[in-house]
Every structure is written in structure tokens, then in C-alpha cells.
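The residues making up each chain are set out below.
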Amino acid sequence: MSEQDPCIASVAPASSASSGAATSSVAGRRRCAVVGLGARARMFTEAITGPYSDRIELVGFCDVNGRRMAVHNGWIAADHPGRGPVPAYAAEDFDVMLRRERVDLVVVCSVDRTHDDYIVRALEAGCDVVTEKPMTTDADKARRILDARRRTGGDVRVAFNYRYNPVHSAVREVIAGGEIGEVGSVHFEWLLDLRHGADYFRRWHRDKANSGGLMVHKATHHFDLVNWWLGTEPETVFAQGGLFFYGEEAGLRRGLARPYARAHGAAAAEGDPFAVRLAESEVLRALYLEAEREDGYHRDQNVFGAGVSIEDDMAVLVRYASGASLTYHLTAYSPWEGYRVAFNGSEGRLELLVEESTWTRSSVPADGASPVMHGATVGDEVGRTELLLRRFWERPREVKVGGGEGGASAEGGHGGGDVRMLADLFGPRSGGDALGRAADAVDGAKSLVTGLAANESFVTGLPVRVRDLLDV
């Protein structure tokens, strides 16, 4: 999309409801609004206006920034010529939007700390909700959501796309099928490379008040997977974590720091492999650089600058209701991206290796459909996926998985999980899902509470009983 794109210029600002009308209503379609129009929202808007447009009608946008809503309307107009713009509402007019557009379903993609407010208000207005992970950022907000769900009877779905990745589904099938017997322990290491990991330290996520830190924003995916794989929930958490690599002090100590607050227009950022250049990416330029004048948000902050309050190296020990234990480690400054998971059982061991990238280039422009460059998008960096079953007294056997293998699935993002999740969220329901992949507000809370307990343990140095934080 160019700077002069007429689709953007023609959309009204978000200071009030847009006068433009969406496509005419079709009987039987649910009326859907999206709140929070950053990059992640595009996956949902493309699904709703594309393959699921016969079931769902996109009738409202809501955001603190009118420019970002205009950009999304431009993308929709380019994909669907002749379609009118989605009515755009300022954040303070969220409730007005719900009433005026007769919204049935709200998709929440806003900054993590605001999720609870939009979820509760949507439920109280009679809407169902699909929310991006994490469901929220602290225990009080989680209780608000759970209380509103019970009080209103509304439906809350958490977008845990990792459950839908075919290799993760295969892990669930192997464990549920008893192939390794009763699971006694899980060893889980997640590595974010220097491109993807650094991105959390450029954005609003770097402030723990916004995101809950990586234990909440990122690891909620991983803690949810363990809950789902084992069919259990956490009881006790002990953790240690800190800011080892990123941030001002570490950058100065290692000679990595450069004297700039944000990369755009800064001579000191030239040649810095940790800087993202917004002007080089159509997506980043349109959604963020050209939107700065409205809210002052900088998407390209210095990862070795001041203001980083989240951790980048975290170790967690969890005891579950089933008796199993988890040892988990998240590193946000790795030379390669991916994860290793091993399950020790009473009849054998299951091992999963996913290499999303085998190494990290220092000079890849952040362009394309996604503003975050995962290793899977760059040719010779792409790794492999291996799921290995080691039963007692038997030779190791590789479990073959169709679709979603390696880092770059032909079926789409997150190893093929996104397209499957969208089909489950917005497509027709025909029978149940034997794997139980749909995640509700209780699942969201159970994944969240492990990270919250870990954050508390970081501070106190003591084990934390999960129920003392949030009794789900």
C-alpha cells in the first residue's frame, strides 16, 4: 500500500462514528466488531471479510488511532473492490459502536492491559467475545472477566492458535492415547531469536504494566499447551528471571548500546542490527510510522534504551494437580528460534523439536504481511520439525505429522495453526472436537495464572500457590 493510497485517504477519522456503511446485512450473519487495529487484527479482518463473510459481517472498528483503522479499511477495499468502509469508532465510543452497529461478536486485539475492559463491556452488552492471548494481565482483571462471563452467560474464546498446530495436536493424541503412559515430568525450552525476541523490547510490550512481561504475553501460549496436553492445571510455581541481555544497563556493559531513543531518523541507529526501520516496510510504515501523529506511539524503540521493565531470561518450575512437574525456560536473545519439549512417562518418552530458524541474519528488512520477521520467512534459515516417540524396550519411532511441519507451513502462519483456529472460531460447527482445542475464559485464566505466579516468584524468591493468586 503506497503513501498515496486512495483507499486510505477516503476513510473518515475516528473522532466519531464513520458515515461510511459496511456491506448490506445478510440474514443469519453475525455482526462483528474488532477493537484494536494493530498488525495482529489483520488475520481476523481478512478471515471475516474473506472465507467467512457468508457467516459473519464486519460492522465496526474501534481503536485509539484513526489512521490504523483507515489502513485496515484500505486493505479490505483492495481485497474486495466495491465494498464500503467498515464504520470506525474512537476508543471512547466503544459502547456507542456496540449499540449503533447491533454487534453480536467482538474480537479484541488491543494492548493486553485493556483486554478485560473491552471483554467485560462487550459481555454486558450481550455480545460474545474472541480475544487475543493473553486473556488479560493480572488476577483481578481475570476475576472480572470470569465474573462477567458467569453473570451474563456470554461466550469468551481465547485465540490459542498453538493448540491448532498439527504437530501440537499430534502430541496431545500420543499422550491421550497412553503411548508413554502416565506423564511424570515435562521439560520445555522456548527460544526467541535476535530478530523476534528483540521485537518485544522495541514495542509497548517492554513495559510490564502493558503486557505482564513475557511470562504473561508470550509464555501464556506455552503454559496453555502444557495444561491442554496433560489435561491438568498448575498448583505451585517457583521461578527466577531477570533482564540479562536487553535494556540500558546490559547494553552499556556489553558495548551494544547506541545513543538513540527510537530508530527512525536517528543517525546512531544506522547499521544497528537490533534496530527496526519502519520506513522500509509497507505494513510498519502504514500502521505505525504514519500513525504516530495521533497517539505518539513509537514502534521502533531502542532495545538497549531506558524504560525496559520486562525480563528476557526466565526459568520456571511448576507442579501440577496430576502430580506431573514442568521445567520451563524462555530465552529472548537466542541465535536460533524454536523449541524443545520432552515428556517423561511411565512407559516411555516423547520428544518434540521445532526449529523455526537455524540462525539469524543481521540485515533482513522487516517487510511483508507480518511486521515481525520469524525465521520461517527467510529461505536458508528455515529449520525442521521432529516428533520422536521412545517407548520402553522399543526402537525410537518418528511420529509423522501432515501439515504444519518445519517453521514455514504452506497452510499459513504459526505452523498451520492460524487457519485451523479461524475455521473453528468462525466456520460451521459440525460435531465436537475430540482434541478439545477450543479455549474458553477458564482456559485463559489457567494459562495466565502460571505466568502471574512466576512474576510474583521473581520478586519474592519463594514458591507461589496458584490458588492464592486466582482460584479458577
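The preceding data block contains the structure.
Residues numbered from 1 in each chain as written. Predicted model: local features only at pLDDT ≥ 70, side-chain atom pairs only at ≥ 80, totals over all residues. Heavy atoms only, no water.

### Regarding helix H2 (residues 41-49)
An α-helical segment advances 3.6 residues per turn. Residues three or four places apart therefore align on the same side.
Here is step 1: By the criterion of burial, H2 is predominantly enclosed, with eight of the nine residues buried.
Here is step 2: For H2, every residue scored as buried is listed here: Ala41, Arg42, Met43, Phe44, Thr45, Ala47, Ile48 and Thr49. (Buried < 20%, exposed > 50% of the residue type's maximum accessible area, 1.4 Å probe, protein only. Helix = DSSP H or I, 4+ residues; strand = E, 2+ residues; numbered from the N terminus.)

### Some points on the packing of H2 against helix H15 (residues 417-426)
Here is step 1: As a packed pair, H2 and H15 sit with axes 11 Å apart at the nearest point and diverge in direction by 55°. Taken as axis vectors, H2 and H15 run oblique relative to one another. Relative to H15, the crossing made by H2 is right-handed. The segment H2 lies against H15, with Met43, Phe44, Ala47 and Ile48 engaging Asp418, Met421, Leu422, Leu425 and Phe426.
Here is step 2: Class assignment for the residues of the contact of H2 with H15 results in eight nonpolar, no polar and one charged. (Axes fitted to C-alpha atoms, helices over the stretch in contact; angles between N-to-C directions. Parallel < 35°, antiparallel > 145°, perpendicular 65-115°, else oblique. Left-handed = near helix turned anticlockwise from the far one by under 90°. Contact = heavy atoms within 4.5 Å. Nonpolar A, V, L, I, M, F, W, Y, C, P; charged D, E, K, R; others polar.)

### Focus on the environment of Glu248
Here is step 1: Tracing the chain through its elements places Glu248 in helix H12 (residues 248-254).
Here is step 2: With relative accessibility at 42%, the residue Glu248 sits in the partly exposed group.
Here is step 3: Distance in space between the C-alpha atoms of Glu248 and Gly305 is 4.6 Å, their sequence separation being 57 residues.
Here is step 4: For Glu248, the contacting residues outside a window of four places in its chain are Phe304, Gly305 and Ala306.

### Some details on the nonpolar core
Here is step 1: By size, the foremost hydrophobic cluster in this structure holds 96 residues, and its most contacted members are Met215, Trp229, Tyr246, Tyr328 and Phe343.
Here is step 2: Ranked by residues supplied to this core, first place goes to helix H16 (residues 441-460) with eight residues.
Here is step 3: Trp229 has contacts with His168, Val171, Arg172, Ile175, Phe188, Val341 and Phe343, leaving out every residue within four places of it along the chain.
Here is step 4: The next biggest cluster of nonpolar side chains, apart from the first, holds 26 residues, and it includes Ala41, Ala88, Cys109 and Ala159. (Core = buried A, V, L, I, M, F, W, Y, C linked by side-chain atoms within 4.5 Å.)

### A look at the sheet that holds strand S6 (residues 156-158)
Here is step 1: Strand order in the open sheet formed by six strands is S3-S2-S1-S4-S5-S6, and the pairing between neighbours is parallel. Sheet topology places strand S3 (88-90) and S6 at the edges, where each strand pairs with a single neighbour. Taken over all neighbouring pairs, the strand axes of this sheet differ in orientation by 20° on average, direction set aside.
Here is step 2: Pairing analysis gives three bridges linking strand S5 (residues 128-131) to S6, with the strands arranged parallel. Bridge pairing in S6 places Val129 opposite Val156.
Here is step 3: Of the strands in this sheet, strand S1 (30-35), strand S4 (105-108), S5 and S6 are in contact with helix H5 (residues 115-124), which crosses S5 at around 160°. (Pairing = 2+ DSSP bridges.)

### With respect to the packing of aromatic side chains
Here is step 1: For the coordinates displayed, the defined rule picks out 19 aromatic pairs.
Here is step 2: Between the aromatic rings of Phe245 and Phe304, the centroid separation amounts to 5.8 Å while the plane-to-plane angle is 65°, which identifies the pairing as edge-to-face. Taken together, the residues span a long stretch of sequence, with Phe245 in the loop between strand S8 (234-242) and H12 and Phe304 in the loop between helix H14 (292-295) and strand S9 (313-320) at a distance of 59 residues.
Here is step 3: A relative accessible area of 12% places Phe245 in the buried class.
Here is step 4: Taking the relative accessible area as the measure of exposure, Phe304 reaches 2% and is therefore buried. (Phe/Tyr/Trp six-rings, centres within 6.5 Å; stacked < 30°, edge-to-face > 60°.)

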